[in-house]
Amino acid sequence: MKKHLLFLGAPGAGKGTQAALLSQNNSYLHLSTGELLRKEIKMNTMLGIQVKDIMDKGQLVSDELVLEIVKNNLDKDNKGWILDGYPRNLSQANSLNDVLVEINQPLEIVFYLDIPEEVLINRLLIRGRKDDNEDTIRTRLKIYKKTTEPLIDYFKNLSLLEYINADRDLNTISTDIKQKMA
Ligand code: B4P
């Protein structure tokens, strides 16, 4: 059973949803950079104040800040971990690689949640989080295509990528993921 996993996909593809389901079942650490940043905003910390406007606009927080969060939260003695929303560009992928080499916990599998754009826009509009309005969603998708999508080939070249059709119901997707990580 694989225990060092990563979820890749557009905003609204279901990364957070599937990562949460999997971490409940396996007691793996679920490390969502988006969730951790939202917590900082809620607690009104220095970091939260720094990132609030950036996130509200749907832009990416700086690589340095996110790397710090990832390093602080990757539990080095855990049973396993699931990265959700990190890395989001090639520079973050390289930094992650350095951290994983250092802790000797190589990534074992990357699930790419594949989904048509119209479906995810609808999902996000229904969810209605602060950054889920039409303008911000367009910005997030544009950034995703330009900076995050190249990671699909990056992980494919490392033979780590598994395609998941994410335009299905939650449980079907979850079963598919569990079979692929066995
Ligand atoms: P995230 O929190 O990662 O948000 P997201 O990409 O929009 O995806 P999320 O995980 O929330 O949604 P999901 O697909 O699970 O990032 C938010 C912001 O944080 C970024 O814009 C950026 O500013 C910042 N940030 C985070 N990481 C960063 C990084 N590494 N570098 C720089 N900045 C960073 O689900 C969406 C909705 O679909 C949910 O309502 C869910 O219920 C629904 N859904 C899921 N699966 C479904 C299914 N199968 N069927 C029907 N509905 C489904």
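For clarity, every value in this text was computed on a predicted model and none was experimentally measured. (Residues numbered from 1 in each chain as written. Predicted model: local features only at pLDDT ≥ 70, side-chain atom pairs only at ≥ 80, totals over all residues. Heavy atoms only, no water.)

Undergrad: Give me the overall build of the protein: which residues, what numbers.
TA: Counting its secondary structure elements, the protein contains 9 helices and 5 strands. Helices and strands appear in the protein in the N-to-C order β-α-β-α-α-α-β-α-β-α-α-α-β-α. Computed over its C-alpha atoms, the radius of gyration of the protein comes to 16 Å, within 12% of the 16 Å expected for a compact globule of 182 residues. Along the first, second and third principal axes, the C-alpha set of the protein runs to 40 × 35 × 30 Å. Of the contacts formed within the protein by residues at least 6 apart in sequence, a portion of 74% connects residues at least 24 apart. When the accessible surface of the protein is split by element, carbon and sulfur atoms take 50% of a total near 9,700 Å². With 25 positive and 26 negative side-chain charges, the protein shows a separation of 2 Å between the mean positions of the two kinds. (Helix = DSSP H or I, 4+ residues; strand = E, 2+ residues; numbered from the N terminus. Rg over C-alpha atoms; globule rule 2.2 N^0.38 Å. Contact = heavy atoms within 4.5 Å. Areas by Shrake-Rupley, 256 points an atom, 1.4 Å probe, with all protein chains shown as cover. Lys, Arg positive; Asp, Glu negative; His and termini not counted. Charge placed at Lys NZ, Arg CZ, Asp CG, Glu CD.)

Undergrad: I'd like a rundown of the sheet that holds strand E5 (residues 161-165), residues and numbers included.
TA: If you walk across this open sheet you meet the 5 strands as E2-E3-E1-E4-E5, and the pairing is parallel. If you trace the sheet from one side to the other, it starts and ends with strand E2 (29-32) and E5, each paired once. Across this sheet, the average inter-strand angle for adjacent strands is 20 degrees, counted without regard to direction. Bridge count for strand E1 (residues 4-9) against strand E3 (residues 81-84) is 4 bridges, and the pairing is parallel. Its bridge partner lying in E3, Phe 7 is registered against Asp 84. Sheet strands in contact with helix H1 (residues 15-26) are E1, E2, E3 and strand E4 (109-114), and its direction is about 160 degrees off that of E1. (Pairing = 2+ DSSP bridges. Axes fitted to C-alpha atoms, helices over the stretch in contact; angles between N-to-C directions.)

Undergrad: So what's going on with the site of the ligand? Residues and values would help.
TA: Within the structure, the ligand sits among 29 residues, and Gly 14, Thr 33, Gln 59, Arg 140 and Arg 168 are positioned closest to it. Gly 16 is positioned such that a nitrogen or oxygen atom in its backbone is 3.0 Å from an oxygen atom of the ligand. In the complex, 87% of the free accessible area of the ligand, which totals 1,000 Å², lies under the protein chains. Among the elements of the structure, H1, helix H2 (33-42), helix H6 (117-127) and helix H9 (170-181) are those that each provide at least two residues to the shell around the ligand. The element that contributes the greatest number of residues to the shell around the ligand is H2, accounting for 4 residues. (Near = heavy atom within 4 Å. Polar contact = N/O pair within 3.5 Å; in protein donor to acceptor, adjacent residues only side chain to side chain.)

Undergrad: Account for the environment of Leu 125, with residues named and values stated.
TA: Here Leu 125 is to be found in helix H6. The spatial distance from the C-alpha of Leu 125 to the C-alpha of Leu 37 is 21 Å, given a sequence separation of 88 residues. Beyond its immediate chain neighbours, meaning those up to four positions away, Leu 125 contacts Asp 132, Asn 133, Glu 134 and Ile 137.

Undergrad: Got a sec to walk through the nonpolar core? Specific residues and values, please.
TA: Ranked by size, the top nonpolar core spans 53 residues in total, and within it Leu 8, Phe 155 and Ile 177 carry the most contacts. If near-sequence neighbours (up to four positions away) are discounted, Leu 8 is found in contact with Lys 15, Pro 87, Val 110, Phe 111, Tyr 112, Leu 113, Thr 148, Leu 151, Ile 152, Phe 155 and Leu 161. (Core = buried A, V, L, I, M, F, W, Y, C linked by side-chain atoms within 4.5 Å. Buried < 20%, exposed > 50% of the residue type's maximum accessible area, 1.4 Å probe, protein only.)

Undergrad: Describe unusual backbone geometry, with residues and values.
TA: Cis geometry marks the peptide bond from Tyr 86 to Pro 87; its omega dihedral reads 0 degrees. Relative to the assigned elements, Pro 87 resides in the loop between E3 and helix H5 (90-103). Despite not being glycine, Ser 27 has its phi angle at roughly 60 degrees, a positive value. Accessibility expressed as a relative area gives 44% for Ser 27, which makes it partly exposed. Residues other than glycine seldom take positive phi values, yet Asn 104 does so here, at roughly 55 degrees. Assignment of secondary structure puts Asn 104 in the loop between H5 and E4.

Geometry only, nothing functional implied.
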